[in-house]
Amino acid sequence: MAAIRPTEATATWWRDAAIYQIYVRSFADGDGDGTGDLAGVRAKLPYLVELGVDALWFTPWYLSPLADGGYDVADYRVIDPAFGHLAEAEKLIAEAGQLGIRTIVDIVPNHVSDRHSWFRAALAAAPGSPERELFHFRDGRGASGEIPPNDWVSEFGGTPWTRLPDGQWYLHLFAPGQPDLNWAHPAVRQEHEDVLRFWFERGVAGVRIDSAALLAKDPALPDFTEGTDPHPYVDRDELHDIYRSWRAIADQYDGIFVGEVWLPDSERFARYLRPDELHTAFNFTFLACPWDAGLLRSAIDSTLAEHAPVGAPATWVLCNHDVTRTVTRYGREDTGFDFAAKVFGTPTDLELGTRRARAAALLSLALPGAVYLYQGEELGLPEADIPLDRIQDPMHQRSGGIDPGRDGCRVPLPWSADLPHAGFGSEAEPWLPQPASWPSYAADAQAADPGSMLSLYRTALRLRREEPGFAEPAGGTGGGRLHWLPSPPGVLTFTRSHGLICVVNLSGGPVALPDHVGMLLTSGPLDASGLLPDDTAAWLRGTR
Ligand code: GLC
């Protein structure tokens, strides 16, 4: 693979890229201490080249007490010593670039860690001080201020307010260790613009924006009554001005943004993707969609329809570090994803889930736009059960122990079937325990098996790169071009430009393939009569 050349800097690589998400703590352990690190990632770059991805998105790798897996940043300009150091991150960005792989970093603008110097200074300062204005400090309600300042609910459950010994409360939409910043304060804007420049100067190609629709707050911090419009902290109009100024910075470096924007209203969602704002945003409609032909088709149609007017490419995501792993989700009765519905002990048919996840891989990789893969997805890892006393995710504790939290999709990866800790690299016990089944998912065993999930992803990513059927027509923008073909109920059949046909069978029984001139790939074998079995997908050449 060729190194990234400066002449490609202005190219539109991101419009149809395959981007691989690395959760550093669990990817590969280079120094053997039980935690993944940058040395581990550098050692696995050849694996990522062979997998065939265009870019890596690193979840936060900055200094952090890890109250929320690194989404509690104490210093954006320092790599957490558990992962390495800044010079090593620079080396990794450069080495990946030499191999033709770009780097995306994760910025968490809604909040910082309670160990961030700004918050420490705010705690040390008195109520009403300028230091406290960088956050949302308020007096409480009730006779002695013992009731939180408003009725909001934390994204992790419970009140998002924590009271200090001096009587004031501070706001944290997530865990108490993640105080929300006051985005109406000019110093907050200035600091983030400097942080963006800091990472673009180090050669990153893009930035993922965490909780991108939550930053701006109604300054009165009023109670939230269902239906209040505008919402006191979700999707407020002030955000667009912030992202316009970010875009101007990114444009100086040919950098791109991908926003974490969970919004049900597609018109409001698309506003973030206007030409002078974010380049892309995660498509959670598709991620959350149940395994059902009608629902998937409408999720695809609505995604393409909402992106078209702003000229932005769609992104297709099956899983990430926050949601139940795909093979587990598709192996359950309720195949959709809902944060509120995660419970312990849900019956799961992993064989069925794996078959569907293979078909879903071919579906998502055939759709027009960019695609995100989450580490371990290419190995078909299931969600792991974490013993109660090892769960670290604050979501578990904040739900009163009802929600298992997100650790089950964050377990250290299995690289070698025959090595201790499935080859994760640790001499010590890894930070989260690996299930007994992990060696059977090891990358080295799968690489040698043409029928494995890893082989399917490698082949599919290669075809996606090389086959003319995936190319945009001349002048295309990566933003659309999909035509549904007539198909039996429960079957999704569409064609892309240049005649690629993708068929996904969710009908409950075998179906005949549509007319084609060549077979490129199937997610599972055809049956003895040459029919496409249920929960199986195929890529076909429709024209010569
Ligand atoms: C995003 C991240 C999630 C984190 C939260 C708070 O949703 O993906 O992992 O807990 O933001 O930063």
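Residues numbered from 1 in each chain as written. Predicted model: local features only at pLDDT ≥ 70, side-chain atom pairs only at ≥ 80, totals over all residues. Heavy atoms only, no water.

Novice: Got a sec to walk through the site of the ligand? Specific residues and values, please.
Specialist: Near the ligand, the surroundings consist of 15 residues, among which Asp68, Asp210, Glu260, His321 and Asp322 are the closest. Here an oxygen atom of the ligand sits 3.3 Å away from a polar atom, N or O, in the side chain of Ser211. Between the ligand and the protein, one listed contact pairs an oxygen atom with a side-chain N or O atom of Asp322 at 2.5 Å. Each residue belonging to the shell around the ligand can be placed in one class, and the counts come to four nonpolar, four polar and seven charged. (Near = heavy atom within 4 Å. Polar contact = N/O pair within 3.5 Å; in protein donor to acceptor, adjacent residues only side chain to side chain. Nonpolar A, V, L, I, M, F, W, Y, C, P; charged D, E, K, R; others polar.)

Novice: Report on the packing of helix H11 (residues 350-366) against helix H14 (residues 453-466), specifying residues and quantitative values.
Specialist: Where H11 meets H14, the closest approach of the two axes is 10 Å, and the angle between their N-to-C directions is 10°. As far as their axial angle goes, H14 and H11 are roughly parallel. Counted together, Thr354, Ala357, Arg358, Ala361, Leu362 and Leu365 of H11 and Met453, Leu456, Tyr457, Ala460, Leu461 and Arg464 of H14 form the full contact between these two elements. (Axes fitted to C-alpha atoms, helices over the stretch in contact; angles between N-to-C directions. Helix = DSSP H or I, 4+ residues; strand = E, 2+ residues; numbered from the N terminus. Parallel < 35°, antiparallel > 145°, perpendicular 65-115°, else oblique. Contact = heavy atoms within 4.5 Å.)

Novice: Any chance you could break down the domain arrangement of the protein chain for me, citing the residues and the numbers?
Specialist: One frequently used descriptor of interface size is the decrease in accessible area upon assembly of the parts. For the protein chain, the assigned domains read domain 1 (6-110 + 183-462), domain 2 (117-171) and domain 3 (482-541). Relative placement of domain 1 and domain 2: their C-alpha centres are 30 Å apart. The interface of domain 1 with domain 2 comprises 20 residues on the first partner and 19 residues on the second. Here domain 1 and domain 2 share an interface that buries about 1600 Å² over both sides, 57% of which is from carbon and sulfur atoms. In this structure, Arg141 and Asp223 form a salt bridge, with 3.3 Å as the shortest nitrogen-oxygen distance. Viewed at the interface, domain 2 and domain 1 are joined by eight residue pairs in polar contact (both at pLDDT 80 or more). At the level of elements, helix H5 (186-201) and helix H12 (394-398) are the ones that each hand at least two residues to the side of domain 1 that touches domain 2. (Domains from an automatic or database assignment. Buried area = accessible area lost by both parts, 1.4 Å probe. Salt bridge = Lys/Arg side-chain N within 4 Å of Asp/Glu carboxyl O.)

Novice: Talk me through the packing of aromatic side chains; I want residue IDs and the actual numbers.
Specialist: Tallied over the entire structure, the rule returns 31 aromatic pairs. Here the aromatic rings of Phe200 and Tyr253 are separated by 5.4 Å at their centres, their planes lie at 20°, and the arrangement is stacked. Of the two residues, Phe200 sits in helix H5 while Tyr253 sits in helix H6 (residues 238-253), which places them 53 residues apart along the sequence. Judged by its relative accessible area of 4%, Phe200 falls in the buried class. Grouped by ring-pair contacts, the aromatic residues Trp183, Phe200, Tyr243, Trp246, Tyr253, Phe257 and Tyr272 constitute a single cluster. Over the ring of Trp415 we find Lys44, and its NZ or CZ is 4.3 Å from the ring centre. Sitting over the ring of Phe198, Arg202 keeps its end group 3.8 Å from the ring centre. (Phe/Tyr/Trp six-rings, centres within 6.5 Å; stacked < 30°, edge-to-face > 60°. Buried < 20%, exposed > 50% of the residue type's maximum accessible area, 1.4 Å probe, protein only. Lys NZ or Arg CZ within 6 Å of the ring centre and 35° of its normal.)

Novice: Kindly report on the pairing of strand S18 (residues 536-541), identifying the contributing residues and their values.
Specialist: With respect to burial, S18 is a largely interior element, five of its six residues being buried. Here six bridges tie strand S16 (residues 500-505) to S18, and the two strands are oriented antiparallel to one another. Bridged to Leu500 within S18 is Arg541. When strand S17 (residues 518-522) meets S18, the two strands line up antiparallel, connected through four bridges. From the neighbouring strand, Gly518 faces S18, where its bridge partner is Arg541. (Pairing = 2+ DSSP bridges.)

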